[in-house]
Amino acid sequence: MGVRVRVGGWVHRTRNLGGLVFVDLRDRAGLLQVSFAPGVATAEALAVAERLTPETVILVEGEVVARPPEGRNPELESGAVELRATSARVVGPAQVPAIPVARGKGEKLAAEELRLKYRVLDLRRPELQANLVMRHRLLQRARATMSGLGFLEIETPILTKPTPEGARDFLVPSRVHRGEFYALPQSPQIYKQLLMVAGYDRYFQIARCFRDEDLRADRQLEFTQIDLEASFVSAQDVQDVVEEVLVALWDEGGHTIPRPFPRLTWREAMERFGVDKPDLRFGVEIEDLTARVGGDAAPFVSEALAVGGRVRGLRVPHGADASRKEIDGYTAAAKDAKAGGLIWAKRTAAGWEGQGVKAIGASALDAVESAEGDLLLAVVGKDEITSPALHAVRTLVVRRPGIPQLAEHAFCWVVDFPLFEHDPETGAHVPAHHPFTSPHAEDFPFLESDPGRCRAQHYDAVYNGNELGSGSIRITDPAVQGLIFRLLGIDADDQQRRFGFLLDGLAAGAPPHGGFALGFDRIAMLLAGAPSLRDVIAFPKTTAARALFEGAPTPVKAADLQALHLSITD
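Sequence positions are assigned chain by chain, starting from 1 and proceeding in written order. Only residues with pLDDT of at least 70 get local features here, since the model is predicted, and only at 80 or more are side-chain atom pairs given and counted; chain-wide, interface and lining totals rely on the full set of residues. To get the side-chain values, take all heavy atoms of the structure and skip hydrogens and water.

Asks: Where do I start with the overall build of the chain in this structure?
Replies: Within the chain, the regular secondary structure consists of 16 helices and 22 strands. Its C-alpha atoms give the chain principal-axis dimensions of about 95 × 75 × 55 Å. Taking all 570 residues of the chain together, the buried fraction comes to 45%. By sequence separation, contacts in the chain at least 24 residues apart represent 67% of the contacts at least 6 residues apart. When charges are tallied, Lys and Arg are placed among the positive residues and Asp and Glu among the negative ones, while His and the ends of the chain are skipped. Note on charges: their place is set at NZ of Lys, CZ of Arg, CG of Asp or CD of Glu. Averaging the positions of the 65 positive and the 76 negative side-chain charges in the chain gives two centres separated by 6 Å. The helix and strand labels rest on DSSP assignments: H or I over at least four residues marks a helix, E over at least two residues marks a strand, and numbering proceeds from the N terminus. When accessible area is computed with a 1.4 Å probe and restricted to protein chains, residues below 20% of their type maximum are described as buried, those above 50% as exposed, and intermediate ones as partly exposed. Note on definitions: a residue-residue contact is assigned when non-hydrogen atoms from the two residues lie within 4.5 Å.

Asks: Sorry, what's going on with the nonpolar core here?
Replies: One broad trend across soluble globular proteins is that nonpolar side chains are buried collectively. Residues belong to one nonpolar core when they are buried, are Ala, Val, Leu, Ile, Met, Phe, Trp, Tyr or Cys, and are joined through side-chain atoms within 4.5 Å. Counting residues in each nonpolar core, the largest one holds 40 residues, and the members touching the most others are L228, L246, L249, W250, L468, F516 and L518. Of the residues forming this core, the biggest block, seven residues, is contributed by helix α6 (residues 235-252). In this view, L228 contacts M146, F151, K192, Y203, F204, V238, V241, V242, G515 and F516; residues no more than four positions away in its chain are not counted. With 24 residues, the next largest nonpolar core counts A334, L390, V398 and I403 among its residues.

Asks: Please clarify how the sheet that holds strand β3 (residues 30-36) should be interpreted in this entry.
Replies: Through backbone hydrogen bonds, the strands of a sheet pair up, either in parallel or in antiparallel fashion. In this description, strands pair whenever DSSP reports at least two bridges between them. The strand order around the closed barrel built from five strands is β1-β2-β3-β5-β4, with neighbouring strands paired in mixed fashion. This sheet shows a mean twist of 55° between the axes of neighbouring strands, independent of strand direction. Where strand β1 (residues 4-16) and strand β2 (residues 21-27) come together, six bridges link them in antiparallel fashion. When the sheet's bridge partners are listed, V11 is paired in β2 with L25. Lying on the sheet, helix α1 (residues 43-51) is in contact with β1, β2, β3 and β5 (81-92); it crosses β5 at an angle near 80°. To get an axis, a line is fitted to the C-alpha atoms, and for a helix only the part in contact is used. The angle between two axes follows their N-to-C directions and goes from 0 to 180 degrees.

Asks: Honestly, helix α4 (residues 126-148) in this entry has me stumped. Any pointers?
Replies: At 3.6 residues per turn, the α-helix brings residues three or four places apart onto the same side. To estimate the expected span of a helix, count its residues, drop one, and scale the result by 1.5 Å. A rise of 1.5 Å per residue sets the reference length of α4, with its 23 residues, at 33 Å; its end C-alpha atoms lie 33 Å apart and thus fit the reference within 8%. Against the buried residues of α4 lie α3 (119-122), β9 (202-210), β10 (222-231), α6 and α15 (520-528).

Asks: Even after reading the chapter, I still don't get the pairing of strand β4 (residues 57-66), so can you show me in this structure?
Replies: Residues in a regular strand point their side chains to alternate faces of the sheet. With seven bridges joining them, β1 and β4 adopt antiparallel strand pairing. For V5, the partnering residue across the bridge sits in β4 and is G62. Where β4 lies against β5, 10 bridges are found, and the strand directions are antiparallel. Pairing of E61 across the sheet is with S87, part of β5.

Asks: What is the right way to read the packing of helix α13 (residues 478-487) against helix α14 (residues 492-507) from this model?
Replies: What describes two packed helices is the angle between their axes and the distance between those same axes. Running from N to C, α13 and α14 point in directions that differ by 160°, and their axes come no closer than 9 Å. Taken together, the axes of α13 and α14 are roughly antiparallel relative to one another. Relative to α14, the crossing made by α13 is right-handed. Residues P478, Q481, G482, F485 and R486 of α13 lie in contact with α14, whose contacting residues are Q495, F499, L502, L503, L506 and A507. Under this grouping Gly is polar, as are all residues other than the nonpolar Ala, Val, Leu, Ile, Met, Phe, Trp, Tyr, Cys and Pro and the charged Asp, Glu, Lys and Arg. Class assignment for the residues of the contact of α13 with α14 results in seven nonpolar, three polar and one charged. Our angle categories are set so that under 35 degrees counts as roughly parallel, over 145 as roughly antiparallel, 65 to 115 as roughly perpendicular, and the remainder as oblique. If you view the pair so one helix is near and one far, a crossing is left-handed when the near helix is turned anticlockwise from the far one by less than a right angle, and right-handed when it is turned clockwise.

Asks: Help me out: how do you make sense of the sheet that holds strand β16 (residues 375-381) in this one?
Replies: With antiparallel pairing, the five strands of this open sheet are ordered in space as β12-β13-β16-β14-β15. At either end of the open sheet lies a strand with only one pairing partner, and these are β12 (286-288) and β15 (351-353). Across this sheet, the average inter-strand angle for adjacent strands is 30°, counted without regard to direction. Where strand β14 (residues 343-348) lies against β16, four bridges are found, and the strand directions are antiparallel. Within β16, the position partnered with I343 by the bridge is A378. Most of the contacts of helix α7 (residues 266-273) go to β12, to which it runs at about 95°, and overall it touches β12 and β13 (310-316).

Asks: Is there a simple way to explain the packing of helix α5 (residues 189-197) against α14 in this structure?
Replies: The contact between α5 and α14 brings their axes to 10 Å, and the two run at 20°. In terms of orientation, α5 and α14 fall into the roughly parallel class. At the point where α5 passes α14, the crossing takes the left-handed sense. Of the residues in α14, those touching α5 at I190, L194 and V197 are F499, F501, L502, G505 and L506.

Just geometry here; none of it tells us what the structure is for.
Put into structure tokens, the structure is as follows:
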């Protein structure tokens, strides 16, 4: 106490008590109460204080003193002291803010589009500042962890060659080379593989990536990932490194996470949870009821089973008290996921009741391991129908009061994904992830004869139902890489044109290698408890792919297009 200081910041609020003026001064560290009292502050300082408007930037000099007991604010870190001002001056006049930065209790935020348009004001909110501070800390912890594990941070090009990685490229026209284009990288995938070929056996990068795809709350056109690659490793080795990074990040966020993470095969995840990013916080799992269905099932069920369908369902503990409105909500979720409907039955003291009794038959229901008061929710059809439908229903079910939560933080690995999947429009095989993932060695014989049977050495890290990132062991034999390209419809000439630099690199002697990429924006969002990625990115895009603050994208002058050898056509 009694220390003389000079402080600067933004005017948060002012209170004029008839000559005695209090100003809440704000900066990144928080709020400080400043008092302007006659006889202490100069006449000029009092005049400044009486004219202050919100968001004006001021410099104040004075003495730090203790607040009287009745004036202390335990909610503020500085709530026990105030700055008794002697002088003050305005160094940054401010217009009336377009959106409020200081909100009263219960006062709602301005609409998001308005906040994005006036992002500089919005970024002054303590919530967003805390999010960006958290983001900074997480980045530094990731760097320190990776460096401690012997990884080298190496930057890869931003202007690169167009390659297919599952989304459209952003193209950049070359002014120097007429009619030719760079692409912004969807990931550093090929470059980090080439770094392994070059002998840099442990690489990482906080990589900026770009994908021209539709936006969602958890997706942006440009994003940040923690990218890594290592040589002479197995899938387990890579997963161990990623676990260490994730445990460190969650520790930075104030959470202790046990290792190792449980592992599920892709097939097991789809069978038990209907999705390849299962939320393991809850024990409600999908059961296959097909073998229990007898001759008393409804015709539509029997017909579905006859063509390879199954009856699969969820047993909801103590769910028999669900209202008809609640069950209608579950049914709507199943239908939104393309199921024809939802079968339901309640276990009462008298036995099973509900339309499910007629649908799958009393014999099937009686074989279900259940207790009085349980609810059964089932779907009939092929797995591509029942899995997403039951996942959608389970997502709602686990929100019910009384559903036991097994853990607050549930990490897992999902491994052994299919190498290929069918394009629903063309029927052709397409890579389930990207075309550089190695099949399991025992599946190599089926690459040409039965590619749908091949499993990828691919692995995803999942947290509370969110995919945090993906990785794989890579193809290192140029002949195998060429075969994969051919199976994807890329002929030899096209392979050389599009991927010749990768194939040539592999032919120079490639060590076995694998890697991973963590979606950093999503991790920051989860650890900050933010509802959207936009709340942990300083200047994000809207879901319409617009940057409202700076007004991008925008038309450019005809002369600028001409310099790039471009023209706009109708």
